[in-house]
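Now for the letters of each chain:
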Amino acid sequence: MAHKLVIVESPTKATKIGGYLGAGYVVESSIGHIRDLPNNAADTPAKIKDKPWGRLAVDVDNGFEPYYVVPRDKKSHITKLKQLLKDADELYLATDEDREGEAIAWHLLDELKPKVPVKRMVFHEITKPAILAAAENPRDIDMDLVEAQEARRILDRLYGYEVSPVLWRKVMSGLSAGRVQSVATRLVVDREWERMAFRSASYWDLEATFDAGAAGGDSGPRMFPARLHTVDGARVASGRDFGTDGLLKDPAGRAESRPVHLDRPRAESLAAALSDTTYDVRSVESKPYRRSPYAPFRTTTLQQEAGRKLGMSAQVTMSVAQRLYENGFITYMRTDSTTLSGAAVNAAREQVRELYGSEYLPDAPRTYASKVKNAQEAHEAIRPAGDSFRTPAQTGLTGDQFRLYELIWMRTVASQMKDATGQSVSVRIGGTAATGEDVVFAAGGRVITFHGFLKAYVEGTDDAAAARDDQETRLPALQEGDAVTAASVTPSGHETKPPSRYTEATLIKELEEREIGRPSTYASIIGTIVNRGYVYKKGTALVPAWLAFSVVRLLVEHFPRQISYEFTARMEDVLDDIAAGRRDRVTELAEFYFGSGDVEGLKSLVEGLGDIDAKGLATFPIGSPEDGISLRVGKYGPYLEGPGDDGAPAGKRANVPDDLPPDELTLEKAKELLANPAGEERSLGRHPESGLEVVAKNGRFGPYVTEVLPEDAPKSAKARTGSLFKSMSLDTVTLEQAVQLLSLPRVVGVATDGEEITAQNGRYGPYLKKGSDSRSLAAEDQIFDITLDEALAIYAQPKARGRGASTAPLKELGNDPVSGQPIVVKAGRFGEYVTDGEYNATLRKDDSVESITLERAAELLEERRAKGPAKKTSPKKTAAKKTAAKKTAKKAPVKKAASKKS
DNA sequence: CAGTGAGCGAGCTTCCGCTTGACTT
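Values in this document were obtained by computation on a predicted structure and should not be read as measured data.

Visitor: How do you make sense of the packing of helix H6 (residues 143–170) against helix H18 (residues 585–594) when you look at a structure like this?
Guide: When two helices pack together, their arrangement is captured by the angle between the axes and the distance separating the axes. Taken N-terminus to C-terminus, the directions of H6 and H18 make an angle of 15°; their axes are 10 Å apart at the nearest point. Accordingly, the angle class assigned to the pair H6 and H18 is roughly parallel. Where H6 crosses over H18, the handedness of that crossing is right-handed. Contacts between H6 and H18 involve Glu147, Glu150, Ala151, Ile154, Leu155, Leu158, Tyr159 and Glu162 from the former and Arg585, Leu589, Phe592 and Tyr593 from the latter. The residue inventory of the contact of H6 with H18, partitioned by class, reads eight nonpolar, no polar and four charged.

See below:
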């Protein structure tokens, strides 16, 4: 029987809508995007792979035409959708009504190629009337909106896939750059620079406790605290009067309004001079206090509050919320909207009446306009699901799900409650010191007379010192002219603090305010910059690694427009224009990629970076130039370089501990590290023969042992060294092993021709050496074990030209349909590969020796053949190749070190 | 950042936004 096929984005949504639409409709989901630009080389179709733009999968020379593929994990789902479409007489594309949703609808249309009528259907809340109304009022796909999405997608691809390789070449392999992650990293790095440049200021004031005596009346407390406010009419300086340089800010030259900066002696003498002072109330100012409820949750505010109150990371918050959503407890959790549906407003109001009484219920429902500038509002706010809310106790939930549900429920209910109201009072108390100075103290109070929504929900704060919205401070009921006495007057010292590091929650908040990122990506942005080793977490703080300083500096110097804080906001404006048909996608992408007028395009920026100063980018001076100390971001992590004992530049080096935050690397700390570069080294004891201390430490080529030469050793003396075997580790290597390593090379014996054969460890592993003739050994242990006879046997063989010739195939697959040659699988230096004897092709990520078939092998070899025969090695080419190989080999351990941090 | 000698099948890394399981620990 024919049905109408409805496709939405989320499976949960599909189930729900299916229930509303009833018989005659089959509702399925797309599970997000169904097509995308290929992620990597393995997913890139062969026909575009060899194009100059194949790596981008965007034909930059022909209208930025994108080449989409159905990702591997979506193929079976597409088959399923096609199957359902076969029996359908109508197709409804009911994806979200935003840029991405419109694009998904179009991709579905383009991929499913339906032969039945197609309609676009949209709705913003999942209620039966809304769904039925949407089904009654379909529209067409908005191609301008699709164009805007494609422009966004292509721009992000060009940005990410053009700029990342610059970092691979200039900083470290495997790094990444992107419109969102690079700005997020920059925020963290810039904040650290601010902290490093920050100079603390010390200032003092007086804290007094006053006694209102009989004047206070009966309602309030008798005793109350106050802080010194003015001395002889001049305001006493407080934290906000100081700049980041630790000096008083100059209030535009007006001397009379300049605050007075008290130091400790001044504060102490002033306190002493106030011991006999009598005080009177100079003024009492009372103002009404009013606070409105917070808007219902959207993704970012939920992540922030769950972080503050429940200690959940953004990622945990999202996964707990996902489970709540899937089980029907809350509405969709990836949203930028704070709008509640009519049903939700009614449910919240009903709950307010039930739980708090109608005096807490405003006459009219409250509405919340979006604060998010680029909000797309495809969903509701995050709220308890349903037309009537379950209290947390009624849900039967436990653990994190319970706690998160409770938070969402409280926030939603509170959003439909009355304002909190009260009075805030500011009191000034004056007196004359023994020195004749007139002093005024200030006291502030806040009384909440009607708690309103605060009874249900109070937002957390990021700053532990900040007052919560429901905090009350009661003062006695004082009148102007009342006499009060001071129970105590105490000098109190303070210091200004550097700006705080970002936490996940505050970084996400900052990104949202700058229109960077989307609800579905906020949590993963943090994940990306942590995984790349740009940022690590210390408690809840996000600390930038030195690597991030290097990368951000490169981007700021060479891609200033792309990494500017405003880039995304400007892009959003352009996308809006494309969506409205006012601008053209190709023109905009061309400007971004090729440039126009005085704007340089991305392409020429990238191409112009041949002689970029990688060393300079990685060097950060510590202290002043005379100190000659700098931090360098090396391939092996950050290290310090400073003058040697003889004053030679870069004469000394020292590792910087991985977990030392950049702002703690002061000049003093740097000097200390340079003076004791020992760092990781471990003493193993004294060498039984030389009597010298033997230490194990990490070096350029990995872990090794060496002798420590005495201070008075002649300059020509060289310490013996030896790399650890792969089977050894720095933590466990023994003195005995070290002595053996230091004894290398070992003389195995004398060959028949009179030449000595030695065994040792080198750049490419263990090997034998006879004059200039060397042979690799299979195992490191052979360096100590191999006998002269065995060594002679090795030399009796001709030198192996590569390992390929001698290794046995792992698997034989049969004859190649093209060359007719047998294809075999072999294990090689770069991993497993297939070969027909002439051409070799490495297995790809998804291939394995077990699973590979003759067909797949033939395909790989065909691809390889298409690239032509291996180039004849000219001397120049060989040299270039060698360097490249060396680089990769060296880089490998770095990646490990970086990922270890996370 | 310790200096020690070959000659080898390269190929891949990466973006941002939509969505969930399917994987393994």
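Structure's up, so let's keep going.
Visitor: How should the pairing of strand E24 (residues 702–708) be read in this particular structure?
Guide: Consecutive side chains of a regular strand alternate in pointing toward one face of the sheet and then the other. Sheet analysis places strand E23 (residues 693–699) next to E24, joined by seven bridges and oriented antiparallel. Bridge assignment links Asn698 to a residue of E24, and that residue is Pro703. In this sheet, strand E25 (residues 721–723) lies alongside E24 in antiparallel orientation, the contact comprising three bridges. Along E25, the bridge assignment pairs Tyr704 with Ser723.

Visitor: Looking at this structure, I do not really get empty space enclosed by the protein. What am I missing?
Guide: Take a probe with the size of a water molecule and roll it over the atoms, and the empty space left behind shows itself. Counting across every chain of the model gives one cavity of 30 Å³ or more. The volume enclosed by the largest cavity comes to roughly 40 Å³. Lining the largest cavity are Lys13, Ala94, Thr95, Asp96, Glu97, Met121, Val122, Phe123 and Ala378. Class assignment for the residues of the lining of the largest cavity results in five nonpolar, one polar and three charged.

Visitor: How should I be thinking about helix H17 (residues 567–579) in this particular structure?
Guide: An α-helix turns once per 3.6 residues; consequently, residues spaced three or four apart project the same way. Helix length check: H17 (13 residues) gives 18 Å between terminal C-alpha atoms against 18 Å at 1.5 Å per residue, within 8%. Within H17 the residues assigned to the buried category are Phe567, Thr568, Ala569, Met571, Glu572, Val574, Leu575, Asp577 and Ile578. For H17, the elements touching its buried residues are helix H4 (99–112), H6 and H18. Just beyond H17, the residue with positive phi is Gly581, at close to 80°.

Visitor: Mind showing me how you'd approach the sheet that holds E23 here?
Guide: Either a parallel or an antiparallel arrangement is found when strands of a sheet pair, and the pairing is made through backbone hydrogen bonds. Pairing is antiparallel across the open sheet formed by four strands, whose spatial order is E22-E23-E24-E25. Each of the sheet's edge strands pairs with one partner strand only, and the pair in question is strand E22 (682–686) and E25. When strand polarity is set aside, the average angle formed by the axes of neighbouring strands in this sheet is 25°. With respect to the sheet, helix H22 (residues 735–742) is in contact with E22, E23, E24 and E25, its orientation differing from that of E24 by roughly 85°.

Calculation rules
Residues numbered from 1 in each chain as written. Chains lettered and ligands numbered in written order. Predicted model: local features only at pLDDT ≥ 70, side-chain atom pairs only at ≥ 80, totals over all residues. Heavy atoms only, no water. Axes fitted to C-alpha atoms, helices over the stretch in contact; angles between N-to-C directions. Helix = DSSP H or I, 4+ residues; strand = E, 2+ residues; numbered from the N terminus. Parallel < 35°, antiparallel > 145°, perpendicular 65-115°, else oblique. Left-handed = near helix turned anticlockwise from the far one by under 90°. Contact = heavy atoms within 4.5 Å. Nonpolar A, V, L, I, M, F, W, Y, C, P; charged D, E, K, R; others polar. Pairing = 2+ DSSP bridges. 1 Å grid on protein atoms, 1.4 Å probe; cavity = no way out; pocket = protein on both sides within 12 Å on 5 of 7 lines; lining within 4 Å. Points joined across faces, edges and corners; volume = space filled by probe spheres on them. Expected span 1.5 Å × (residues − 1). Buried < 20%, exposed > 50% of the residue type's maximum accessible area, 1.4 Å probe, protein only.

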